[in-house]
Amino acid sequence: MAKIEFKNVRHAYPAPSDQAPVYALEQVDQVWEDGGAYALLGPSGCGKTTLLNIISGLLTPSEGAVYFDDEEVTHLPTTERHIAQVFQFPVVYDTMTVYDNLAFPLRNRQVPEDQVRKRVEAIAEMLDLTNSLKNRASGLTADGKQKISLGRGLVRPDVKIIMFDEPLTVIDPHLKWLLRSKLKELHQQLGVTMIYVTHDQTEALTFADKVLVMLEGTIVQVGTPVELFMEPNHTFVGHFIGSPGMNVLPCEVKNGQVSYRSHLLETAHSHKQEMEGKLEIGVRPEFVRFDDAGIPVSIERIEDLGRFKIATVAHEGDVIKLLVPDEVKIPENSPKIMFDPERTHLYCNNWVVK
Ligand code: ADP
Ligand code: MG
């Protein structure tokens, strides 16, 4: 098991000689605690794979240092890092049996055959592969092959960190949840530090105890799923997590008083200082309600999702979404809305102001 630490890590891929380097990873200072279940969540191109490859040693960062348990590993080769990395597309030897595929990383390390058998059988059991151990891997479906890839990561007893890079991309949607809960279970059994990369919020939030949200080469927030939901540090976190995402609306702040299109608002924190830049309030659809004392709106659309409805309303050209519990009646005449002050945050240039 290992703790991982990044100090001042930055990475730029080589640029054409006449151009300035573009950083795929801006400054990253981050600790992944020993035995934690982490997700790395962000849109395509934000630097997730770059970050994983720096942990595993496939890439050496252009700047900064990487530590495992306080020992510097920045220049240590991949083979000496005790890491298993599962890639987006399964890496499987088609001509070998499932058993031999799983045994491969162990035989490679000269593990005696009786120990190989024990490990392979245990891992096959965990992944429900026991009945196909004698089959050739070529006959398996994509998800069967990805299970072998996972198994090959898990089989090595020397592994301290297991990293998954969007491992469920090729998996049938209805099997995704099965493998995802399997991974969670394996984390609890093995206690190994796990980092799970995905661009899918559901995958991240169900797998991880802590989620790192990335945007354009930067980690914008690290938190539990509840923290990311309740207190988004950045408007991007508000948008990206939640369904529908957080409402972000223009606002003004004068003498510490926040107003939205001339309606005075209470927010979660008080704001005494002057602020320069783009000012916005963020409030999730869960924390907006119909209230006769509120801001007048027109109703644009109502979607009925069974246990609740999503109402899309408009005010002076702004679109605002509300999550309306099933038992609440949607007003027919002159609807008005209110924001829950405790759950309304002020953002300046996209970052929360506290
Ligand atoms: P993600 O895994 O989040 O989709 P990546 O880490 O693969 O993102 O990529 C981050 C950025 O670095 C992207 O802009 C991508 O185009 C660029 N990039 C990735 N790999 C290379 C490479 N080998 N050479 C040059 N640029 C790269
Ligand atoms: Mg990637």
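This structure is a prediction, so every number in the text was calculated from the model and none was measured.

Reading the values: the criteria
Residues numbered from 1 in each chain as written. Chains lettered and ligands numbered in written order. Predicted model: local features only at pLDDT ≥ 70, side-chain atom pairs only at ≥ 80, totals over all residues. Heavy atoms only, no water. Domains from an automatic or database assignment. Contact = heavy atoms within 4.5 Å. Buried area = accessible area lost by both parts, 1.4 Å probe. Salt bridge = Lys/Arg side-chain N within 4 Å of Asp/Glu carboxyl O. Polar contact = N/O pair within 3.5 Å; in protein donor to acceptor, adjacent residues only side chain to side chain. Helix = DSSP H or I, 4+ residues; strand = E, 2+ residues; numbered from the N terminus. Nonpolar A, V, L, I, M, F, W, Y, C, P; charged D, E, K, R; others polar. Pairing = 2+ DSSP bridges. Axes fitted to C-alpha atoms, helices over the stretch in contact; angles between N-to-C directions. Core = buried A, V, L, I, M, F, W, Y, C linked by side-chain atoms within 4.5 Å. Buried < 20%, exposed > 50% of the residue type's maximum accessible area, 1.4 Å probe, protein only. Near = heavy atom within 4 Å. Phe/Tyr/Trp six-rings, centres within 6.5 Å; stacked < 30°, edge-to-face > 60°. Lys NZ or Arg CZ within 6 Å of the ring centre and 35° of its normal.

A. A look at the domain arrangement of the chain. Looking at the chain, the domain boundaries give domain 1 (4-238) and domain 2 (245-352). Tallying the contact residues gives 11 residues for domain 1 and 14 residues for domain 2. Summing the contributions of domain 1 and of domain 2, the shared interface buries around 1100 Å²; its carbon and sulfur component is 56%. It is Phe229, Met230 and Thr235 in domain 1 that bury the most area against domain 2; as a group they hold 45% of the surface buried on that side. Linking domain 1 to domain 2 there are 1 salt bridge. With a closest N to O distance of 3.7 Å, Arg343 and Glu231 form a salt bridge. Counting across the interface, domain 1 meets domain 2 through 8 residue pairs in polar contact (both at pLDDT 80 or more). When residues of the side of domain 1 that touches domain 2 are traced back to their parent elements, those giving at least two are helix H7 (225-230) and helix H8 (235-240). Here the residues of the side of domain 1 that touches domain 2 sort into 6 nonpolar, 4 polar and 1 charged.

B. Looking closely at the sheet that holds strand S7 (residues 161-165). Taken in spatial order, the 6 strands make up an open sheet running S6-S7-S8-S3-S9-S10, and their pairing is mixed. Two strands bound the open sheet, and with one partner strand each, they are strand S6 (83-86) and strand S10 (218-223). Taking each pair of neighbouring strands and ignoring which way they run, the sheet shows an average axis angle of 15 degrees. Two strands pair when backbone bridges link them, and strand S3 (residues 37-41) and strand S8 (residues 193-198) are joined in this way by 5 bridges, in the parallel orientation. Note that in S8 the partner of Tyr38 across the bridge is Ile195.

C. Summary view of the nonpolar core. In this structure, Leu102, Val120, Ile162, Phe164, Val211 and Val213 are the most contacted members of the largest nonpolar core, which totals 46 residues. For Phe164, the contacting residues outside a window of four places in its chain are Leu52, Val86, Leu150, Leu183, Met194, Ile195, Tyr196 and Val197.

D. Quick peek at the site of ligand 1. Taken together, the neighbourhood of ligand 1 is formed by Tyr13, Ala24, Pro43, Ser44, Gly45, Cys46, Gly47, Lys48, Thr49 and Thr50. A distance of 2.8 Å separates an oxygen atom of ligand 1 from a polar atom in the side chain of Thr49. It is helix H1 (residues 48-56) that contributes the most residues to the shell around ligand 1, 3 residues altogether. Split by residue class, the shell around ligand 1 holds 4 nonpolar, 5 polar and 1 charged.

E. Highlighting the pattern of salt bridges. Considering all chains together, one arrives at 21 salt bridges under this definition. Between Lys176 and Glu203 there is a salt bridge, and its shortest N-O distance comes to 3.9 Å. Here Lys176 is found in helix H5 (residues 173-190), whereas its partner Glu203 is found in helix H6 (residues 201-207), with 27 residues between them in sequence. The exposure class of Glu203 is buried, given its relative accessible area of 4%.

F. Main features of the sheet that holds strand S2 (residues 23-32). With antiparallel pairing, 4 strands are arranged side by side in an open sheet as S2-S1-S4-S5. Two strands lie at the open edges of the sheet, namely S2 and strand S5 (71-72), each paired on one side alone. Here strand S1 (residues 4-12) pairs with S2 via 6 bridges, running antiparallel. Each residue of the ladder has a partner; that of Phe6, found in S2, is Gln30. Against the sheet, H1 makes contact with S1, S2 and strand S4 (63-68), and its axis sits at roughly 125 degrees relative to S1, the strand it touches most.

G. Representation of the packing of aromatic side chains. Within the structure shown, the criterion is met by 7 aromatic pairs. Both rings, one in Phe164 and one in Tyr196, keep their centres 6.0 Å apart while their planes meet at 45 degrees; by these two values the pair is tilted. Highlighted residues: Phe164 in strand S7 and Tyr196 in strand S8, separated in sequence by 32 residues. Considered together, Phe164 and Tyr196 belong to a single accessibility category, that of buried residues. Here Arg343 stacks its cationic end above the ring of Phe287, 5.8 Å away from the centre of that ring.

H. Seen up close, unusual backbone geometry. Cis geometry marks the peptide bond from Ser243 to Pro244; its omega dihedral reads -5 degrees. Looking at where Pro244 falls in the secondary structure, it is placed in the loop between H8 and strand S11 (247-250). Even without a glycine there, the phi angle at Asp70 is positive, about 65 degrees. In this model, Gln110 sits at a positive phi of 55 degrees, which is unusual for a non-glycine residue. Relative to the assigned elements, Gln110 resides in the loop between helix H2 (98-108) and helix H3 (113-126). Gln110 sits in the exposed class, given a relative accessible area of 66%.

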